[in-house]
Amino acid sequence: MAWPPPADIALTVRQMYAADEYAVSHGVDGETLMENAGGGAADAILARYAPQPVMVLCGPGNNGGDGFVIARHLRAAGWPVRLALMGDPARLRGDAATMAGRWEGEIEALTGGCLGEATLVVDALFGAGLSRPLEGVPAELAEASRGRAVVAVDVPSGVRGDDGGHDGPVFRADLTTTFFTLKPGHLLAPGRFLCGHVEVIDIGTPLSALDEIAPECFRNAPPLWRQALPRLTPEGHKYARGHALVSGGGVTASGAARMAAEGALRAGAGLVTCAVPPSAAIVYAAHLTAVMLTSVADADAWRELLADDRKNAVLVGPGHGVDQRTRDFVLAALDAGKRTVLDADAITVFKDDPAALFAAIAGPCVLTPHSGEFGRLFESGADKLTVTRDAARRSGAVVVHKGPDTVIAAPDGRAAINDNAPPTLATAGAGDVLAGIVLGLLAQGMPAFEAACAAVWMHGEVGRIVGPGLIAEDLAPALPVVLKALLET
């Protein structure tokens, strides 16, 4: 099948071992893989930094072997290079021993004071498979490296490759070089913030390895969903682009639904209607223009509105209130078979009975909880990727677990981790606009997982474009700039 570029795929540590084994079984020997890895990492260093005193810290395994290659290439480029090894050089095995034999410089002992005058530190101590905290000299060196430029090989030592977590001291890299594909730990917090810039290096692993491995975790980027984006046609009309329905809250909480509705319209829905309590209609009417308005007094009136087949996508939750009305509106939308987005209060209202919500989800449905809302419906004990995947499987919905490392998971096991959201999006109402963008894409027929991934990425890109000072009202008006760039490439 056609996979996204390797730089947008995240393989687990075990899957990466399988990729290496596949490469060797298909004619690319381990020595070549290690030479390409170290040489590629050295090239990345040479491209980013001026020559300076460098200390290469090598561990006792293949990560250390990569370090020997890096040191050799940097010295050949004229850099002043020192190298320190953890353990006895005579105990190195396999390709790491081969690469150590090609290093013509001194091999120093790894000590807490070995950094000396080095201004750049290459951390080739431990790879992504390390599952225990750094201790002893490696822990001392993690602290001693602060204030110096740090380049990590694979992941910063101490960071777990599968979830980005750590249980003790950790190296903080300015540049991380990894090989063939990303790992989840490069994208999930806190690993994402410890890796610095991540460069994925082609080491010669055949792309056909992906067919064997069948990855299910990806960096959320356009190659994952661009082909599924709705595209306008000359013969198209607004009724062919879907009619999205946003259920709004009362007078004092009308802004959330209004911003969501504008997000849906800007995302391309042909028509958008806000269905609101009669007592709040005048407030909505004073602010809405292209978004239409209808009064809905109670759940019976809501069901009557949902009976209109032309209204094909529904959002419930923003500013809705945590009450029986919200619960009834959610269950009615799901029972009507609409493409449904549930956010905020529509999630919290089921905190005492999540099974009732899960049982009602049958068609395309996207849940968009932040961490607090997520914890009201689902268990939060394991890492974010694992718990979000489990939540999608249990609920039958696509789950958008929001945060600086938003994870989007589908019931079939696919997951994407978003890494383009700026901190300026941490502002009131930004999540309402995101829910609206998802709604607008669903209304146009985009599959739920792809719609959620696209919406999250576009939301982050708009936040980047607007920049400091962003408020939620800025997001929807800037969306056309992002859509134009996506649809023209």
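Structure shown above.
Residues numbered from 1 in each chain as written. Predicted model: local features only at pLDDT ≥ 70, side-chain atom pairs only at ≥ 80, totals over all residues. Heavy atoms only, no water.

For the rest of this paragraph, the subject is the sheet that holds strand E2 (residues 81-85). One open sheet accounts for seven strands, arranged E3-E2-E1-E4-E5-E6-E7; its pairing is parallel. With partners counted over all chains shown, the strands left at the sheet margins are strand E3 (108-109) and strand E7 (197-201), one partner each. Here strand E1 (residues 54-58) runs beside E2; their pairing, made up of five bridges, is parallel. Residue pairing across strands places Val 54 opposite Val 81, the latter belonging to E2. Docked against the sheet, helix H3 (residues 62-76) engages E1, E2, strand E4 (120-124), strand E5 (149-153) and strand E6 (175-179), running at close to 165 degrees with respect to E2. (Pairing = 2+ DSSP bridges. Helix = DSSP H or I, 4+ residues; strand = E, 2+ residues; numbered from the N terminus. Contact = heavy atoms within 4.5 Å. Axes fitted to C-alpha atoms, helices over the stretch in contact; angles between N-to-C directions.)

A separate point is the packing of helix H16 (residues 430-443) against helix H17 (residues 448-466). Interhelical geometry of H16 versus H17 gives an angle of 140 degrees and a closest axis separation of 9 Å. Taken together, H16 and H17 sit at an angle that is classed as oblique. Two packed elements cross with a definite hand, and for H16 against H17 that hand is right-handed. Judged by residue contacts, Ala 430, Leu 434, Ile 437, Val 438, Leu 441 and Leu 442 of H16 engage Ala 448, Ala 451, Ala 452, Ala 454, Ala 455, Val 456, Met 458 and His 459 from H17. Tallied by class, residues from the contact of H16 with H17 come to 13 nonpolar, one polar and no charged. (Parallel < 35°, antiparallel > 145°, perpendicular 65-115°, else oblique. Left-handed = near helix turned anticlockwise from the far one by under 90°. Nonpolar A, V, L, I, M, F, W, Y, C, P; charged D, E, K, R; others polar.)

Here the structure, examined in full by the defined rule, presents four aromatic pairs. Ring geometry for Phe 358 and Phe 378: centres 5.3 Å apart, planes at 5 degrees, overall stacked. Here Phe 358, found in helix H13 (residues 354-360), pairs with Phe 378, found in the loop between helix H14 (371-377) and helix H15 (384-395); they are 20 residues apart in sequence, far enough to count as distant. As far as the burial class goes, Phe 358 and Phe 378 line up, both buried. Put simply, the rings of Phe 358, Phe 374 and Phe 378 pair up and form one aromatic cluster. A cation sits over an aromatic face here: Arg 325 above Phe 329, 4.4 Å from the ring centre. (Phe/Tyr/Trp six-rings, centres within 6.5 Å; stacked < 30°, edge-to-face > 60°. Buried < 20%, exposed > 50% of the residue type's maximum accessible area, 1.4 Å probe, protein only. Lys NZ or Arg CZ within 6 Å of the ring centre and 35° of its normal.)

On to the pattern of salt bridges, then. Pairing of side chains with opposite charge becomes possible as their charged atoms draw close. Counted under the stated rule, the structure contains 23 salt bridges. Two residues, Arg 414 and Glu 450, come together in a salt bridge whose shortest N-O distance is 3.1 Å. Of this pair, Arg 414 sits in the loop between strand E16 (407-409) and strand E17 (415-417) while Glu 450 is found in helix H17, placing the two residues 36 residues apart along the sequence. For Glu 450, a relative accessible area of 16% translates into the label buried. Across the pair Glu 461 and Arg 464 runs a salt bridge whose closest N-O atoms are separated by 2.7 Å. In this pair, Glu 461 and Arg 464 both sit in helix H17, three residues apart, roughly one turn of the helix. Within this structure, Glu 31, Glu 35, Arg 72 and Arg 102 form a network of salt bridges that share partners. (Salt bridge = Lys/Arg side-chain N within 4 Å of Asp/Glu carboxyl O.)

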